[in-house]
Amino acid sequence: MKILQIANGDFFSTYGGGQVYVKNLVDEMIRQGLDVSVLSFVNKKSDIPFQKQNYKGVDLYEVYQKDESIIKTLIQKIAPDIIHIHAEKALISRISRELSIRNVVTAHHGGIVCPAGTLLNCKDEICKVPVNQKDCTRCVLRNTKTGECFYPLLKIMPLSLRLKMGKALAKLPFIYFVTPIVSANLHIENKQKEWETIIRNTDRMIAPSYAIADSMVLNRFPKDKIKIVPHGIPVRHCELRGTKQEANQKIDCFEQSSRNDERNLSSFHNKLKFFYVGRIGHIKGIHLLLKAFSQLDTSLCELHLVGDIKGKCEQKWVKQYKHCSNIFFHGKIQPDEVAKCIQQWDVLVHPAIYLEVFGLNISEALSEGKPVIATRCGGAEMQIQDKINGLLIEPNNIDELKNAMQWMIDHPAERKKMAKLAPEKVISMEEHVKDLLDVYEKTSLH
């Protein structure tokens, strides 16, 4: 079977979990000797439409111009048996249908259906309504500077007028502030059309969690075309799944590995080290984490945050908390350095308030024997068993978050049991590829 992976943007980017996941996936497919090629969209000015490279012995095509005819010709040249789509889902699924090539789409984030991109409504709650112009307008405006100020005005205008204004502005050069605000409803309409294209042309949709599957069904994607396949990660230790007896053997294997590793689990007798790995932003709930942590006894714990700090709001957080002796901002680190950092710390805190499709950082922490405190944000429930390998709490609840962190401080013995069981729920990338191959084999043209 010849497999074409459509990378999530630039194949070599480490911006988000989706990019890291696709690279890990391709690496594992190469390791298993599968016939795989990669098509990657690169934001780079070039006189040539694409360039072919060799990546670990397989063909990697970097596309610089998103021209449909060029992409279609390139896919015809590659001639895959199946296309696994991680980006440009509407475009590639339509091309694959026109070429009669089977396709599988993975939903990496809420933006597959949500015009605002996060499935987070204006009350900072996970969205539970289908995409529509009435409910989505304010959410889209919220993502635009000063956008919400204009919501009352736009709300009283007829939708037809708002769409007409958006289409008129689309023909003009971009105007800062004005274009995003006036084009909000056109953006929602375009997202709806894009989603309709995905519904019509996708042969199989992979959902890493039940939460994103439910959201897609709510937005009329056929339930019988969705397959739940949790993500896998490269694992450092022995195989991590099987029967209960095998699980106990794996835990013993993990403990032996840890004893032989100088960077083993942090001491349960010293100051407890909480940590977060990922983007530093509002939807990730970092503002709640900082407030909750600041209410704890600083002599008992530390907080380490790893991730990009770009926005003005995030920079304000750093300025406000950087003088705290037990809060450390480490900035962004490379994916291959994440495990080394995690090994130094004790408990991952994942305080997301939006619909987190999976949460690779949760898997990474569990694989290193670290319990996790996570909100019930969708992806966390796929990996965390409450009171077994971590704690599950409600989003947007500072008291629950603080109490969960305090519980980890007060119960070192229970925390140690969680650490032993943590790797059991992790899916290795090797096993994940086997699951995907099964999906590929069973996918047929619709």
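Analysis parameters
Residues numbered from 1 in each chain as written. Predicted model: local features only at pLDDT ≥ 70, side-chain atom pairs only at ≥ 80, totals over all residues. Heavy atoms only, no water. Helix = DSSP H or I, 4+ residues; strand = E, 2+ residues; numbered from the N terminus. Rg over C-alpha atoms; globule rule 2.2 N^0.38 Å. Buried < 20%, exposed > 50% of the residue type's maximum accessible area, 1.4 Å probe, protein only. Contact = heavy atoms within 4.5 Å. Lys, Arg positive; Asp, Glu negative; His and termini not counted. Charge placed at Lys NZ, Arg CZ, Asp CG, Glu CD. Pairing = 2+ DSSP bridges. Axes fitted to C-alpha atoms, helices over the stretch in contact; angles between N-to-C directions. Right-handed = clockwise from strand over helix to strand, strands pointing away. 1 Å grid on protein atoms, 1.4 Å probe; cavity = no way out; pocket = protein on both sides within 12 Å on 5 of 7 lines; lining within 4 Å. Points joined across faces, edges and corners; volume = space filled by probe spheres on them. Nonpolar A, V, L, I, M, F, W, Y, C, P; charged D, E, K, R; others polar. Salt bridge = Lys/Arg side-chain N within 4 Å of Asp/Glu carboxyl O. Core = buried A, V, L, I, M, F, W, Y, C linked by side-chain atoms within 4.5 Å. Disulfide = S-S within 2.5 Å. Patch = residues over 30% accessible without salt bridge, like charges linked within 9 Å, V, L, I, M, F, W, Y side chains within 5 Å. Areas by Shrake-Rupley, 256 points an atom, 1.4 Å probe, with all protein chains shown as cover.

(A) A look at the overall build of the protein. Of the regular secondary structure elements, the protein holds 17 helices and 14 strands. In terms of overall dimensions, the protein is globule-like: its C-alpha atoms have a radius of gyration of 23 Å, near the 22 Å expected for 446 residues. Seen through its principal axes, the protein has C-alpha atoms that stretch 65 × 55 × 40 Å. Looking at the protein residue by residue over its 446 residues, the buried ones come to 52%. Look at the contacts in the protein between residues 6 or more apart in sequence, and 64% of them connect residues 24 or more apart. Computed over 62 positive and 51 negative side-chain charges, the separation of the two mean positions in the protein equals 6 Å.

(B) The arrangement of the sheet that holds strand E7 (residues 204–207) in detail. Read from one edge of the open sheet, 8 strands run E3-E4-E2-E1-E5-E6-E7-E8, paired in mixed fashion. Of all the strands in the sheet, the pair left with one neighbour each is strand E3 (50–55) and strand E8 (226–228). For this sheet, the mean angle separating the axes of adjacent strands, direction not counted, is 25°. Alignment of strand E1 (residues 2–6) against strand E5 (residues 82–85), held across 4 bridges, turns out to be parallel. Within E5, the residue paired with Gln 5 across the bridge is His 84. Most of the contacts of helix H9 (residues 210–218) go to E8, to which it runs at about 165°, and overall it touches E7 and E8.

(C) Expanded view of the pairing of strand E13 (residues 372–375). Residues of E13 alternate between two faces, with Val 372 and Ala 374 on one and Ile 373 and Thr 375 on the opposite face, all of them buried. Strand direction decides the pairing type here: strand E12 (residues 347–350) and E13, joined by 3 bridges, are parallel. Bridge pairing in E13 links His 350 to Ala 374. Traced from E12 through helix H14 (residues 360–367) to E13, the parallel crossover comes out right-handed. The sheet contact formed by E13 and strand E14 (residues 390–393) spans 4 bridges and is parallel. Residue pairing for E14: Ala 374 is matched across the bridge by Leu 392.

(D) Inspection of the layout of surface pockets at higher detail. In this structure, the second largest pocket occupies an estimated 700 Å³ of space. In terms of lining residues, the second largest pocket is bounded by 31 residues, among which Asn 24, Pro 234, Val 235, Pro 335 and Asp 336 are the most central. When residues of the lining of the second largest pocket are assigned to their parent elements, the largest contribution, 7 residues, is made by helix H1 (residues 17–31). Grouping the constituent residues of the lining of the second largest pocket by class yields 11 nonpolar, 7 polar and 13 charged.

(E) Structural detail: the pattern of salt bridges. Within the structure shown, the criterion is met by 22 salt bridges. Between Asp 27 and Lys 23 there is a salt bridge, with its nearest N and O atoms 3.5 Å apart. Of the two residues, Asp 27 and Lys 23 both sit in helix H1, 4 residues apart, roughly one turn of that helix. We classify Lys 23 as partly exposed; its relative accessible area is 26%.

(F) The arrangement of the nonpolar core in detail. By size, the foremost hydrophobic cluster in this structure holds 78 residues, and its most contacted members are Phe 274, Leu 305, Ile 373, Leu 401 and Met 405. Look past the residues within four positions of Leu 401 in its chain and what remains in contact with it is Leu 288, Leu 289, Ala 292, Val 349, Pro 351, Ile 373 and Ile 393.

(G) Main features of the side chain of Arg 162. Mapped onto the elements of the fold, Arg 162 is located in helix H6 (residues 159–170). There is no salt bridge for the buried Arg 162, and the closest opposite charge comes from Glu 189, which lies 11 Å off by N-O distance. Apart from the residues lying within four places of it in its own chain, the contact partners of Arg 162 are Thr 137, Leu 154, Lys 155, Met 157, Val 182 and Asn 185.

(H) Broad picture of the environment of Ile 212. Assignment of secondary structure puts Ile 212 in helix H9. Owing to a relative accessible area of 0%, Ile 212 belongs among the buried residues under this scheme. Sequence separation between Ile 212 and Ile 228 is 16 residues; the distance between their C-alpha atoms is 9.5 Å. When near neighbours in sequence (up to four residues on either side) are disregarded, Ile 212 contacts Ala 107, His 109, Gly 110, Leu 119, Ala 207, Leu 355 and Val 357.

(I) Up close: the sheet that holds E14. On the basis of which strands lie adjacent, the open sheet formed by 6 strands has the order E11-E10-E9-E12-E13-E14 and parallel pairing. Edge positions in the open sheet fall to strand E11 (327–331) and E14, since each of these has one partner strand only. This sheet shows a mean twist of 20° between the axes of neighbouring strands, independent of strand direction. Pairing of strand E9 (residues 272–277) with E12 involves 2 bridges; the strand directions are parallel. The residue of E12 that forms the bridge with Phe 275 is Leu 348. Relative to the sheet, helix H11 (residues 286–293) contacts E9, strand E10 (301–306), E11 and E12, its axis offset from that of E10 by approximately 165°.

(J) How the structure looks around the state of the cysteines. Throughout the structure, instances matching the rule amount to 0 disulfides. Cys 136 supplies the cysteine sulfur nearest to Cys 127, a cysteine that is in no disulfide, at a spacing of 6.4 Å. A disulfide-free cysteine, Cys 313 has its sulfur positioned 16 Å from the sulfur of Cys 149, the nearest such atom. Judged by relative accessible area, which is 38%, Cys 313 ranks as partly exposed.

(K) Inspection of a nonpolar patch on the surface at higher detail. Together, Phe 174, Ile 175, Tyr 176, Phe 177 and Val 178 make up an exposed nonpolar region whose accessible area comes to about 510 Å². Secondary-structure assignment places Ile 175 in the loop between H6 and helix H7 (178–182).

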